[in-house]
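# Coordinates in review
Spelled out, the chains give:
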Amino acid sequence: MKIKVLLVDDQSLIRQGLRALLELEPDLEIVGEAQNGEEAISLVTEFQPDVVLLDIRMPVMDGVAATQEIQKRFTKTKILILTTFDDNEYVSAALQSGAMGYLLKDTPSEELAVAIRAVYKGYTQLGPGIVKKLLTQFSKPVPTQSPPVPSALTELTPREKEVLRLIATGASNREIAQELYISEGTVKNHVTNILNRLNLRDRTQAAIIANTFLSYLNEST
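Per chain, residue numbering runs from 1 following the sequence as it is written. A pLDDT threshold of at least 70 governs which residues receive local features in this predicted model, and a stricter bar of 80 or more applies before side-chain atom pairs are shown or counted, although totals over entire chains, interfaces and linings include all residues. Remark: hydrogens and water are excluded; side-chain values derive from all non-hydrogen atoms of the structure.

Here the focus is unusual backbone geometry. One can expect most non-glycine residues to show negative phi and most peptide bonds to be in trans. Positioned with a positive phi, Val60 is a non-glycine residue whose angle comes to about 70°. With respect to the element layout, Val60 can be found in the loop between strand 3 (51-54) and helix 3 (63-73). What counts as a helix is a DSSP run of H or I of at least four residues, what counts as a strand is a run of E of at least two, and both are numbered from the N terminus.

Take a look at the structure:
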């Protein structure tokens, strides 16, 4: 079964380029194109795509407003933002509106295809620079005394701690796999175990936790 993808961007050349690249992937099917959020909602109603690849700044209705409306009406449809803008307010607004991922348009096509598949499965996908922006935005002054390390964190395996430490740097699954000389599938399994054992919702929360206790992770690995 193919993953149905809707392309939404106000630039036709961008849509054409994305279609040409993504149609090379045997498990992806481009079901339609829209040039603004209003058209996107109409096409989501018609085609019920699995994933909407959505720009953030568009005329008529922008990506944030479209994300809010699509998530309100079509809860099974996943939103993946693909844009040239990495401003903190855009990133925060998109994720708070229900987007499952935020990538920049310089993302390599093979990584974009991987991100679409991951979002389809319910995993959050953030570009490395986006993770760092979020961590900077939500970071708090360092307390004079380090907080106690949660017991669940100490119970992670050495390999899981290594993976968590690399998540803190914004590394993708592929980059983690290359760094640790393991397969991407093994990395995904480790990430799933980490989220479950630490009772975290997604990779962003894992990155925040990892940065909070980075000293411990560095010492443990």
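Should the charged atoms of two oppositely charged side chains come close, the side chains can pair. Should a side-chain nitrogen of Lys or Arg be within 4 Å of a carboxyl oxygen of Asp or Glu, the pair is scored as a salt bridge. A complete count under the given rule lists 13 salt bridges for this structure. In this structure, Arg159 engages Glu162 in a salt bridge whose closest nitrogen and oxygen atoms are separated by 2.9 Å. Pair noted here: Arg159 and Glu162 are both in helix 8 (residues 158-167), with a separation of three residues, about one helical turn. Relative accessible area decides the class of each residue, using a 1.4 Å probe on protein chains only: under 20% of the type maximum gives buried, over 50% gives exposed, and in between gives partly exposed. Assessed through its relative accessible area of 30%, Arg159 is described here as partly exposed. One salt bridge in this structure joins Arg197 and Glu160, with 2.8 Å as the shortest N-O distance. With a gap of 37 residues between them, Arg197 in helix 10 (residues 184-198) and Glu160 in helix 8 connect regions that are remote in the sequence. Residue Arg197 is classed as partly exposed on the basis of its relative accessible area, which comes to 36%.

The subject of this paragraph is the packing of helix 8 against helix 9 (residues 173-180). Interhelical geometry of helix 8 versus helix 9 gives an angle of 130° and a closest axis separation of 10 Å. One finds that helix 8 runs oblique with respect to helix 9. Where helix 8 crosses over helix 9, the handedness of that crossing is right-handed. Along the contact surface, helix 8 presents Arg159, Glu162, Val163, Leu166 and Ile167, while helix 9 presents Ile176, Glu179 and Leu180. Each residue receives one of three labels: charged for Asp, Glu, Lys and Arg, nonpolar for Ala, Val, Leu, Ile, Met, Phe, Trp, Tyr, Cys and Pro, and polar for the others, Gly being one of them. Residues belonging to the contact of helix 8 with helix 9 are distributed by class as follows: five nonpolar, no polar and three charged. Every axis in this analysis is a line fitted to C-alpha atoms, fitted for helices over the stretch in contact. Angles between the N-to-C directions lie between 0 and 180 degrees. Working definition: roughly parallel below 35 degrees, roughly antiparallel above 145 degrees, roughly perpendicular at 65 to 115 degrees, and oblique for all remaining angles. Two helices cross in a left-handed way if the nearer one is turned anticlockwise from the farther one by less than a right angle. They cross in a right-handed way if the turn is clockwise. We call two residues contacting when some pair of their heavy atoms lies within 4.5 Å.

With that settled, the discussion passes to helix 9. Listed as buried for helix 9 are Asn173, Ile176, Ala177 and Leu180. Each buried residue of helix 9 lies within a common arc of 100° when the element is viewed along its axis, so the set occupies one face. Each element contacted by the buried residues of helix 9 is listed here: helix 8, helix 10 and helix 11 (203-212). Backbone geometry just after helix 9 places Tyr181 at a positive phi near 60°. Taking the helix axis as origin, the arc is that swept by the directions to the C-beta atoms.

Right, let's talk about the pairing of strand 3 for a bit. Of the two faces of strand 3, both are covered, the one formed by Val51 and Leu53 as well as the one formed by Val52 and Leu54. Strands are labelled as partners when DSSP assigns at least two bridges between them. As paired strands, strand 3 and strand 4 (residues 78-83) are joined by four bridges and run parallel to one another. Looking across to strand 4, one finds that Leu53 is bridged to Leu80. Viewed with both strands pointing away, a crossover whose connecting path from the first strand over the helix to the second turns clockwise is right-handed. Regarding the hand of the β-α-β motif, the stretch spanning strand 3, helix 3 and strand 4 is right-handed.

Before going further, it helps to spend a moment on the environment of Leu112. For Leu112, the position within the fold is in helix 5 (residues 109-120). Classification of Leu112 by relative accessible area gives buried; the value is 4%. Distance from Leu112 to Glu29, taken between C-alpha atoms, is 14 Å for residues 83 residues apart in sequence. Every residue in contact with Leu112, bar those within four places of it in the chain, is listed here: Leu18, Leu22, Leu53, Leu80, Leu82, Leu103 and Thr107.

Turning our attention to the packing of aromatic side chains. Pairs were defined over the aromatic rings of Phe, Tyr and Trp, the Trp ring being its six-membered one, requiring ring centres within 6.5 Å. Orientation was assigned from the angle between planes: stacked under 30 degrees, edge-to-face over 60, tilted for the rest. This structure, assessed with the given rule, holds one aromatic pair. On the basis of an interplanar angle of 55° and a centroid distance of 6.0 Å, the ring pair of Phe85 and Tyr90 is categorised as tilted. When its relative accessible area of 24% is taken as the criterion, Phe85 is described as partly exposed. In this scheme, Lys NZ or Arg CZ marks a charge over a ring once it lies within 6 Å of the ring centre and within 35 degrees of the ring normal. One residue, Arg57, lies across the ring of Phe85, its end atom 4.5 Å from the ring centre.

Nothing here speaks to function; it is all geometry.
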